[in-house]
Amino acid sequence: RLRDTPEDICFEATANAIALHPARALLAAGDLDGDVYLYSYSCTEGENRQLWSSGHHLKSCRDVAFSQDGHKLFTVSKDKSIHILTVEEGRLETRFPKAHGSALNCVLPIDNHVFATGDDGGELKVWDLRKGDAILEAHQHEEYISAMAVDGNGKILLTASGDGTLGVFNVKRRRFDLLSEPQNGDLTSVVLLKRGKKVACGSSEGTIYLFNWDGFGAASDRFSLRAESVDCMVPITDNIVCVGSLDGVIRAVNVLPNRVLGCVGQHLGEPIEQLAVAPDRQLLASCAHDQKVKFWDISSLGGLVVDDYRKKKKKGGPLRALSSKATGSGEDFFADLRDEAEPEAAAGSDSDSDGSD
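Residues numbered from 1 in each chain as written. Predicted model: local features only at pLDDT ≥ 70, side-chain atom pairs only at ≥ 80, totals over all residues. Heavy atoms only, no water.

Note the cut-off: UniProt positions are given in the numbering used here, feature names are shortened, and annotations may be inferred rather than shown by experiment.
As recorded in an unreviewed UniProt entry, the chain goes by the name WD repeat-containing protein 55, listed as coming from Chordeiles acutipennis. According to the UniProt record, the Sequence similarities (unreviewed entry) comment for the chain is "Belongs to the WD repeat WDR55 family."

**Things to note about the overall build of the chain**
Defined as follows: Helix and strand definitions here come from DSSP, where helices need a minimum of 4 consecutive H or I residues and strands a minimum of 2 consecutive E residues; each element is numbered from the N-terminal end. Buried means the residue's accessible area, taken with a 1.4 Å probe over protein chains only, is under 20% of the maximum for its type, while exposed means over 50%, and partly exposed covers the values in between. Any two residues having at least one pair of non-hydrogen atoms within 4.5 Å are treated as being in contact. Here the open area of atoms and residues is found with the Shrake-Rupley method and a 1.4 Å probe, where only the protein chains shown may cover a residue.
If you tally the helices and strands in the chain, you get zero helices and 28 strands. For the chain, the proportion of its 357 residues judged to be buried stands at 57%. Counted over contacts in the chain with a minimum sequence separation of 6, partners at least 24 positions apart contribute 47%. When the accessible surface of the chain is summed, it comes to about 14,700 Å², and 44% of that surface belongs to carbon and sulfur atoms.

**Some remarks on the pattern of salt bridges**
We count it as follows: Here, a salt bridge means any Lys or Arg side-chain nitrogen found within 4 Å of an Asp or Glu carboxyl oxygen.
Within this structure, the stated rule accounts for eleven salt bridges. Across the pair glutamate 45 and arginine 1 runs a salt bridge whose closest N-O atoms are separated by 3.0 Å. Of this pair, glutamate 45 sits in the loop between strand S4 (36-40) and strand S5 (49-54) while arginine 1 sits in the segment before strand S1 (9-10), placing them 44 residues apart in sequence. By relative accessible area, which is 34% here, glutamate 45 ends up partly exposed. Linked through salt bridges whose partners overlap, the residues forming this network are Arg1, Arg3 and Glu45.

**Points about unusual backbone geometry**
In the segment running from leucine 256 into proline 257, the intervening peptide bond is cis, with an omega of 0°. Counting through the fold element by element, proline 257 comes out in the loop between strand S24 (249-254) and strand S25 (259-266). In this model, arginine 195 sits at a positive phi of 55°, which is unusual for a non-glycine residue. Here arginine 195 is to be found in the loop between strand S18 (187-193) and strand S19 (198-203). Classification of arginine 195 by relative accessible area gives exposed; the value is 73%. With a phi close to 65°, glutamine 291 is a non-glycine residue in the positive phi region. Mapped onto the secondary structure, glutamine 291 falls in the loop between strand S27 (283-288) and strand S28 (292-297).

**Points about the state of the cysteines**
Two cysteines form a disulfide when their sulfur atoms are joined by a covalent bond. Heads up, the rule is: Here, two cysteine sulfur atoms that lie within 2.5 Å of each other are counted as a disulfide.
Counted under the stated rule, the structure contains zero disulfides. For cysteine 242, which is in no disulfide, the shortest distance to another cysteine sulfur is to cysteine 263 and amounts to 9.7 Å. The exposure class of cysteine 242 is buried, given its relative accessible area of 0%.

**Brief notes about the pairing of strand S13 (residues 133-138)**
We apply this condition: Note on pairing: DSSP must find at least two bridges between two strands before they are called paired.
Both strand S12 (residues 124-128) and S13 contribute to a ladder of five bridges, which runs antiparallel. Paired with tryptophan 127 across the bridge in S13 is alanine 134. Where S12 folds back on S13, the antiparallel hairpin that results is connected by four residues, among which glycine 132 adopts a positive phi of roughly 70°.

Here it is as structure tokens:
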């Protein structure tokens, strides 16, 4: 039987990190026990399969990422190690046992040889696999590095930190460029939008800060979601991001004009750890403290037309459901969200509809 989305994948421990393969229907996950798993996923019922698991990390696996060619899987852990596994059989190919002085928090492949890692102490390292060592080490942040992003040329690397600053590094010249002024709260995520002309950072205060590409010193705009927090964020289109929060809700947000479009899905009352988007931009995966990875249909987001005009919305209305599974346990689930009725996005002619499709 065909489904709109693959079935949930359940884990024995909380999955902290997930990544979707750049070309195939494969999901990698790292959990609190330090185990790493590779699954194939399918919209056919009963067809999700665990392909392999790896227990090489001694402590919690904090982040996983596929190489750009899809052949390798990078994993980083609280045990300060970096592991690089083959995607086909999960064989440990390269290991940096004491890669950082502090627990590792995030990893970002930049090209097929170069990747970056950030740790709990605020240190960034950029590694070159051909040299087998770090080619850039920088300790500009005072708090943990939560997330990283790189431009399309693999030249400028951006880091979001718990000290509230956005860091800018030049990978090609192997140097630190600048730190932004500190924002309120921890910066938890960083993504590029508007064909690389804008950078959006999420914060623990529930605000999205926007920076112009040529103006990283100060935020050009800010947008409060009236969510408890923005814990993770992935770009879906040039204007739309999906945001995971402490309240377990995944919101779709349009940037410039700034609008909360509605709810894509939810892990009821469970903080969302990470989001990942499939290469065709039709599916979103999420992991949370309920020890599940869930999949959401985001195919409708690309067609949403967002009007500049902020329409008055009746106070107390629920967040608009943007997928068939985004209703949680029905109307009761949205009772908690009624205070945050953001102006509705206009989606073609049915802009007044609040129900799911």
